[in-house]
Amino acid sequence: MPTIRVEMFEGRTPEQKRALAQALTEATVRTLGGSPEAVDILFYDIARQDWATGGKLWSDPVPPPAG
């Protein structure tokens with residue numbers, strides 16, 4: 001069965017991760033079949049300074065709107 005890799009900004013609680021793991025496991029079993037014990041989910045907590053989109057770090061301050 002699959003291994004699902006979840007990359008997200010750090011700061012989620014264990015309870016949030018537990019709920020997401022349960023929801024992803026249920027959806028995977030419902031869609032692909034198999035057993036919940038065969039679904040692996042890996043969480044990667046990424047610091048905002050380690051993630052960039054459009055050439056800008058997520059930790060950079062957002063400039064005020066022009067105008």
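Residues numbered from 1 in each chain as written. Predicted model: local features only at pLDDT ≥ 70, side-chain atom pairs only at ≥ 80, totals over all residues. Heavy atoms only, no water.

*Asks:* Looking at this structure, how should I read the overall build of the protein?
*Replies:* When its secondary structure is counted, the protein shows 1 helix and 4 strands. When the helices and strands of the protein are listed from N to C terminus, the series reads β-α-β-β-β. Its C-alpha atoms give the protein a radius of gyration of 17 Å, clearly above 11 Å, the size a compact globule of 67 residues would have. Expressed along its principal axes, the backbone C-alpha trace of the protein runs to roughly 55 × 20 × 20 Å. Only carbon and sulfur atoms are counted for the fraction: they give 56% of the accessible area of the protein, which is about 5,200 Å². Considering the protein, the positive charge centre built from 7 side chains and the negative charge centre built from 9 side chains are found 5 Å apart. (Helix = DSSP H or I, 4+ residues; strand = E, 2+ residues; numbered from the N terminus. Rg over C-alpha atoms; globule rule 2.2 N^0.38 Å. Areas by Shrake-Rupley, 256 points an atom, 1.4 Å probe, with all protein chains shown as cover. Lys, Arg positive; Asp, Glu negative; His and termini not counted. Charge placed at Lys NZ, Arg CZ, Asp CG, Glu CD.)

*Asks:* What exactly am I supposed to notice about the environment of Thr3 here?
*Replies:* Inspection of the secondary structure assignment puts Thr3 in strand S1 (residues 3-9). When the C-alpha positions of Thr3 and Ile41 are compared, they lie 5.7 Å apart, and in sequence the two are 38 residues distant. Not counting chain neighbours up to four residues away, the residues in contact with Thr3 comprise Asp40 and Leu42. (Contact = heavy atoms within 4.5 Å.)

*Asks:* How do you make sense of the packing of aromatic side chains when you look at a structure like this?
*Replies:* Aromatic rings considered in pairs are described by the distance between their centres and by the relative angle of their planes. Summed over the entire model, instances satisfying the criterion amount to 2 aromatic pairs. Ring geometry for Phe9 and Trp51: centres 5.0 Å apart, planes at 55°, overall tilted. With a gap of 42 residues between them, Phe9 in strand S1 and Trp51 in the loop between strand S2 (40-46) and strand S3 (52-53) connect regions that are remote in the sequence. You can call Phe9 buried: its relative accessible area is 15%. For the ring pair Phe9 and Trp58, a centre distance of 5.4 Å and an interplane angle of 65° mean the geometry is edge-to-face. Here the residue Phe9 occupies a position in strand S1, and Trp58 occupies one in the segment after strand S4 (56-57), the gap between them amounting to 49 residues. Through a chain of ring-to-ring contacts, the aromatic side chains of Phe9, Trp51 and Trp58 assemble into a single cluster. The ring of Phe9 carries Arg48 above its face, with NZ or CZ at 4.1 Å from the centroid. (Phe/Tyr/Trp six-rings, centres within 6.5 Å; stacked < 30°, edge-to-face > 60°. Buried < 20%, exposed > 50% of the residue type's maximum accessible area, 1.4 Å probe, protein only. Lys NZ or Arg CZ within 6 Å of the ring centre and 35° of its normal.)

*Asks:* What am I meant to see in the pattern of salt bridges here?
*Replies:* Opposite charge on two side chains permits pairing when their charged atoms draw close. Enumeration over the complete set of coordinates arrives at 2 salt bridges. Measuring nitrogen to oxygen at the nearest pair gives 2.5 Å for the salt bridge that ties Arg5 to Glu7. As a salt-bridge pair, Lys17 and Asp45 come within 2.6 Å of each other at their nearest N and O atoms. With Lys17 in helix H1 (residues 14-32) and Asp45 in strand S2, the pair connects residues that are 28 residues apart, well separated along the chain. For Asp45, a relative accessible area of 37% puts it in the partly exposed group. (Salt bridge = Lys/Arg side-chain N within 4 Å of Asp/Glu carboxyl O.)

*Asks:* Before we go on, may I ask you to explain the pairing of S2 in this structure?
*Replies:* Strand residues, when the strand is regular, have side chains that alternate between the two faces of the sheet. Two elements, S1 and S2, share 7 bridges in a ladder whose sense is parallel. The partner of Arg5 across the bridge, within S2, is Leu42. Each parallel crossover has a hand, and for S1 linked through H1 to S2 it is right-handed. (Pairing = 2+ DSSP bridges. Right-handed = clockwise from strand over helix to strand, strands pointing away.)

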